[in-house]
Amino acid sequence: KSGDTVNLAAGATAGFGKVLQVVQATDTAETDTSSTSYVATGLSVNITPSSSSNKVLIIATGVLDNDSAGTAPKVTLFRDSTNIGIPDGLSRNYATVRLITPVTLSKLDTPNSTSQITYAVYIKSASGAQVRFGESIQQTIVAMEIAGWL
């Protein structure tokens, strides 16, 4: 609310929480897989944080397709080769009928780096049956560097 005062700890500087840079990438390709291990989709973005104390907010949108009844696609976000989601995926789609579902993934990451980082959407099949990320529509991934604190 307007008019509130924020008191900073000794040695702290103003500016934490500010968005320092935004990068975006798009893709329209479908990624089909029956792998039960995560595989990269074509949706990725590179960002180089300006300070190792800063955070990166990643938001990705796309479409999940279980391709047939009883299968379950799972999607997550990777930082380079590390899954920064959870092993079971940040989102999944399981249905007893074919289901095509819009999905939004988000993660506030602390990469502790000033080197270039690649964030990417990965997909896997829970059952080994064919699943899909895409559907030939535009998918988007955005990475925002957020100023850290202390």
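Just so you know, these numbers come straight off a predicted model, no measurement behind them.

A. Main features of the side chain of Arg-132. Inspection of the secondary structure puts Arg-132 in strand β10 (residues 131–133). Its relative accessible area of 12% is what places Arg-132 among the buried residues. At 2.7 Å, the side chain of Arg-132 and the side chain of Asp-65 are in polar contact. A polar atom in the side chain of Arg-132 sits 3.2 Å from the side chain of Glu-135. Excluding anything up to four places from it in sequence, Arg-132 contacts Glu-30, Thr-31, Asp-32, Val-63, Leu-64, Asp-65, Asp-67, Arg-98 and Ile-123.

B. Local environment of the confidence of the model for the protein. Looking at the protein as a whole, its pLDDT mean stands at 86, while 84% of the residues score no less than 70. Low pLDDT, under 50, characterises residues 1–6; the stretch is placed with zero contacts to residues that sit more than four places away or in other chains.

Definitions and cut-offs
Residues numbered from 1 in each chain as written. Predicted model: local features only at pLDDT ≥ 70, side-chain atom pairs only at ≥ 80, totals over all residues. Heavy atoms only, no water. Helix = DSSP H or I, 4+ residues; strand = E, 2+ residues; numbered from the N terminus. Buried < 20%, exposed > 50% of the residue type's maximum accessible area, 1.4 Å probe, protein only. Polar contact = N/O pair within 3.5 Å; in protein donor to acceptor, adjacent residues only side chain to side chain. Contact = heavy atoms within 4.5 Å. pLDDT = per-residue confidence, 0-100.

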